[in-house]
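# A closer look at the structure
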Amino acid sequence: MNQYEQLKDKFSLLESLISKLASLNFTASQQEIYTQLLSETEKFQAYLFDEFVDFEKICDNLPDAIYVADKEGTTIYVNDMYQQLSGITKAEVIGENVHQINKEKKLYTNGILPTILKQERRSEKIGVMKRTNTTVYITGFPIFDENGELKYAVAHDRNIQQLEIVKDQLIKLKEVQAKAENEIQYLRTQQIKQVDLIFKSPQMYQALSTALAVAPTDASVLITGESGTGKEVITNQIYQASNRCDKPFLKINCAAIPETLMESELFGYVPGAFTGASKNGKTGIFELANNGTLMLDEIGEMSMQMQTKLLRVLQNHEVTKVGGSKAIPVDVRIIAATNRNLLECIKEKTFREDLYYRLNVVPITLAPLRERKEDIELLIQHFLTNFNKKYNKQVEIYSDALHLMKSYNWPGNIRELENVIERLVVINQSNVIDKKTVAMVLGLQNTESFSPLPDDYDIKAATAALECRMIEKALAEFHSKRKAAAALGIDHSTLIKKCQRYGI
C-alpha cells in the first residue's frame, strides 16, 4: 500500500469518528472545538487531494518511460514502462542517486538527469538502454517549488523505434493528404470543366462582360434565364476569374434536395440531432465552402422557411448546425441561379423580397437561344466536331438541315441543341445530316414553314434556293454525287462546282 492509500484510509477513519461525534450533545465551548475540527478536516481533505493524487497509477499507464529524482539526485520514482523499456527494476534504482547509478552499474548511456540537476533547464539527448539494447529519445526537465527552488528532475524516455513508426505514419498521412488535395483539385477542375463559350450574339457578349467585371469582387450574383441557357457556364466563368479560384467551389441544386433535408445539407448537424442522424454529426455545405464560392442553383424552388434561414446566414456570415447552439463563422461568396421570375414569385408570396435584394446585387440575364439565333450555327458546328471526335465519325450537315435547325425555337435551349446533335451523330449511318432526319428527331411534321425563302421578287435567288434544295435532296436520297448528278441530269463535275458554290 502506497503513502496515498495509507493516508486515505486514515482519513476515512477520521471521518467516521467525526460523524459519531455529531450525535453527541456539546457545550458551547465543545461545539466551537467541533466546528474547528470539521474545518481542519476539510482542509486536510483538500491537501490530500492536491498533494497525493494517485499519480503512480496514472504514470504506470503511460506509453512512455518516466524517471523522477529529487533535488539531491535521489531516485524517488520510475513507472512501469521504464522497467519494460530498460529492463531495470524499480528496486534497482529507487533510493539510489543518479550520479552513482550508472557509474557503478553501467545500465545506460547518456543519462540526462545529472545535466538537469546541474543546469536546471530543459535538455534533450539520445541514449541506449544497455540491457534491452533499446535506443531512446530522452527529454529532461526541472520542476521548481513555489519559491523557485529546484524540487524534482524528470526524465521522459521514448523508444526511437516507436518514433520511427510515428514518423512513417506521418509520412504516409502526408502522402494521403497530398493525394486527397490532388483529388480535390482534380474534382474541382472537373466541376468547372465546360464547353468553351461559343457565341457571337450581343446578348451573350453583354452577359459575359458583366460576369467578368464582377468576378474579382465578392458581390453576390443572381443569374436568371430559361433552363439550358448556360447559367452554370457563366457561374464557372465567374469562379475561374475570381480571387477565390483556388478555394472551394460547390454547387447545390435547391430543387433536388427534399425540404426536410435542406437545412441539414446546408448547415450540417451535431451528433444525435435527430433520428437517423450520424453519430459523428455532419459538416454542412456552407462550412465546406468556407473562403470559397457556393452556387445555389434553382434558388426559386427553396421554401420560404429555408429562405428565412438562408437570409440570416447571408446577413450574419455565420451558420448554426441543426441541434447545435454554437455559431460558426463562414465566408462564402454566393452565386444564385434560377429559371423563375423572382419578382413574380415575390408578388405571389413564394419568395422573400429581402432575400431577393440580398442575392440580386449584380443581376445577369441570359437570353433564350431563340432570341440569339446568330449563336445557333456556331454551336451546331462546335457540338458536331465534339461528337464526331467522341464517336469516331465524320458526319456533316446539309445546309437545308442547318437552316431548319436555325429556324427552330429550341425550347430546351443549348442543352436541347447539344442533345439533338449527339443523337443525330449517333444514329447516323450515311455521314450526312439532312433536313428529313432533323425533322424526325425534332418531331416536326410540316417543315416547309422552315424553308428559306428569297426576299421580294428576286428570281435569281429563288432559282438558286430551289437548285440548292434539289441538290441536297438528291444527295440525301442517293448518297453519291455521281448518282445524284445522273438523277438531276447534269454532269458530275457540274454538280461538284454547284456544291462548292452553295456550300453543300
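Here is what the cut-offs are and how they apply
- Residues numbered from 1 in each chain as written.
- Predicted model: local features only at pLDDT ≥ 70, side-chain atom pairs only at ≥ 80, totals over all residues.
- Heavy atoms only, no water.
- Helix = DSSP H or I, 4+ residues; strand = E, 2+ residues; numbered from the N terminus.
- Buried < 20%, exposed > 50% of the residue type's maximum accessible area, 1.4 Å probe, protein only.
- Contact = heavy atoms within 4.5 Å.
- Areas by Shrake-Rupley, 256 points an atom, 1.4 Å probe, with all protein chains shown as cover.
- Phe/Tyr/Trp six-rings, centres within 6.5 Å; stacked < 30°, edge-to-face > 60°.
- Salt bridge = Lys/Arg side-chain N within 4 Å of Asp/Glu carboxyl O.
- Pairing = 2+ DSSP bridges.
- pLDDT = per-residue confidence, 0-100.
- Arc of directions from axis to C-beta.
- Axes fitted to C-alpha atoms, helices over the stretch in contact; angles between N-to-C directions.
- Parallel < 35°, antiparallel > 145°, perpendicular 65-115°, else oblique.
- Left-handed = near helix turned anticlockwise from the far one by under 90°.
- Polar contact = N/O pair within 3.5 Å; in protein donor to acceptor, adjacent residues only side chain to side chain.
- Nonpolar A, V, L, I, M, F, W, Y, C, P; charged D, E, K, R; others polar.
- Patch = residues over 30% accessible without salt bridge, like charges linked within 9 Å, V, L, I, M, F, W, Y side chains within 5 Å.

## Points about the overall build of the protein chain
A tally of regular secondary structure across the protein chain gives 22 helices and 17 strands. Residues counted as buried form 38% of the 504 residues belonging to the protein chain. Taking the intrachain contacts of the protein chain between residues at least 6 apart in sequence as the baseline, contacts between residues at least 24 apart amount to 62%. About 29,400 Å² of surface is accessible on the protein chain, with carbon and sulfur atoms providing 51% of the total.

## Here's the deal with the packing of aromatic side chains
For the structure on display, the rule yields seven aromatic pairs. The interplanar angle of 10° and the centroid separation of 4.2 Å between the aromatic rings of Tyr 239 and Phe 249 together place this pair among those described as stacked. Separated by 10 residues along the polypeptide, Tyr 239 in helix H10 (residues 231-240) and Phe 249 in strand S8 (residues 249-253) bring together distant segments of the chain. Summarising the burial analysis for this pair, Tyr 239 and Phe 249 share the class buried. Where Tyr 356 meets Tyr 357, the ring centres are 5.1 Å apart and the plane angle is 75°; that geometry is what we call edge-to-face.

## Details of the pattern of salt bridges
Inspection of every chain in the model, using the stated rule, returns 19 salt bridges. A salt bridge links Glu 92 to Arg 131; its shortest N-O distance comes to 2.6 Å. With Glu 92 in helix H5 (residues 90-93) and Arg 131 in the loop between strand S4 (123-129) and strand S5 (134-144), this residue pair connects regions lying 39 residues apart in the sequence. Here Glu 301 ties to Arg 340 by a salt bridge, and the two come within 3.8 Å at their closest N and O atoms. A residue pair is termed long-range when its members are at least 10 positions apart, and Glu 301 in the loop between strand S11 (293-297) and helix H13 (304-316) and Arg 340 in the loop between strand S14 (333-338) and helix H14 (342-347) qualify at 39 residues. Sharing partners across several salt bridges, the network here consists of Asp 60, Asp 80 and Lys 90.

## Focus on the sheet that holds strand S6 (residues 150-159)
Within a sheet, adjacent strands bond to each other through the backbone by hydrogen bonds, running parallel or antiparallel. Across the sheet, which stays open at both edges, the six strands sit in the order S2-S1-S6-S5-S4-S3 with antiparallel pairing between neighbours. The sheet is open, and its two edges are formed by strand S2 (75-78) and strand S3 (108-109), each paired on a single side. Strand direction decides the pairing type here: strand S1 (residues 65-70) and S6, joined by six bridges, are antiparallel. Across the sheet, residue Val 68 finds its bridge partner in S6, namely Val 154.

## Considering the confidence of the model for the protein chain
Averaged over all residues, the pLDDT of the protein chain equals 85, while 88% of them reach at least 70. When pLDDT is averaged over each helix and strand of the protein chain, the minimum, 68, is found for helix H1 (residues 3-21) and the maximum, 97, for S14.

## Focus on helix H22 (residues 492-502)
Those residues of H22 not exposed but buried are Leu 495, Lys 498, Cys 499 and Tyr 502. Projected onto a plane normal to the axis of H22, the buried residues spread over an arc of 105° and lie on a single side. Exposed positions of H22 whose direction lies more than 90 degrees from the buried face are Lys 497, Gln 500 and Arg 501.

## A closer look at unusual backbone geometry
Look at Asn 110: it is not a glycine, yet its phi comes out positive at around 60°. By secondary structure assignment, the location of Asn 110 is in the loop between S3 and helix H7 (113-119). Positive phi, normally seen in glycine, also occurs at His 317, with a value near 55°. Relative to the assigned elements, His 317 resides in the loop between H13 and strand S12 (318-320).

## Describing the packing of helix H18 (residues 413-427) against helix H19 (residues 435-442)
Packing of H18 against H19 brings their axes to within 11 Å, and their N-to-C directions diverge by 125°. Taken as axis vectors, H18 and H19 run oblique relative to one another. Between H18 and H19 the crossing geometry is right-handed. For the pair H18 and H19, the contacting residues are Val 420, Arg 423, Leu 424 and Ile 427 in the first and Thr 437, Val 438, Met 440, Val 441 and Leu 442 in the second.

## Thoughts on the environment of Asp 354
Structurally, Asp 354 can be placed in helix H15 (residues 353-359). Taking relative accessible area as the criterion, Asp 354 reaches 34% and is therefore assigned partly exposed. There is a polar contact of 2.6 Å between the side chain of Asp 354 and the side chain of Arg 352.

## Observations regarding the side chain of Ser 242
Relative to the helices and strands, Ser 242 resides in the loop between H10 and S8. Accessibility expressed as a relative area gives 6% for Ser 242, which makes it buried. From its side chain, Ser 242 meets the backbone oxygen of Tyr 239 in a polar contact 2.7 Å long. A distance of 3.2 Å separates a polar atom in the side chain of Ser 242 from the backbone nitrogen of Arg 244. Beyond its immediate chain neighbours, meaning those up to four positions away, Ser 242 contacts Ala 215, Pro 216 and Arg 333.

## Quick look at the sheet that holds strand S7 (residues 221-225)
Overall, parallel pairing links the five strands, which are arranged S8-S11-S14-S7-S15 in an open sheet. The open sheet has two free edges, formed respectively by S8 and strand S15 (362-366), since each of these has just one partner strand. Direction aside, the axes of adjacent strands within the sheet are offset by 15° on average. Note that S11 and S14 share four bridges and pair parallel. From the neighbouring strand, Met 295 faces S14, where its bridge partner is Ile 335. On the sheet, helix H9 (residues 202-214) packs against S7, S14 and S15 and is oriented at approximately 155° with respect to S15. Against the sheet, H10 touches S7, S8, S11, S14 and S15, its axis set at about 155° to S7.

## A word on the packing of helix H21 (residues 481-488) against H22
For the pair H21 and H22, interaxial distance at closest approach is 9 Å and the crossing angle is 100°. Judged by the inter-axis angle, H21 sits roughly perpendicular to H22. On the side of H21, the interface is formed by Lys 481, Arg 482, Ala 484, Ala 485 and Leu 488, while H22 contributes His 492, Leu 495, Ile 496 and Cys 499. When its residues are assigned to classes, the contact of H21 with H22 shows six nonpolar, one polar and two charged.

## Regarding a nonpolar patch on the surface
On the surface, a cluster of nonpolar side chains totalling about 360 Å² of accessible area is made up of Tyr 391, Val 426, Ile 427 and Met 440. The residue Tyr 391 is located in the loop between helix H16 (376-390) and strand S16 (396-397) in this model.

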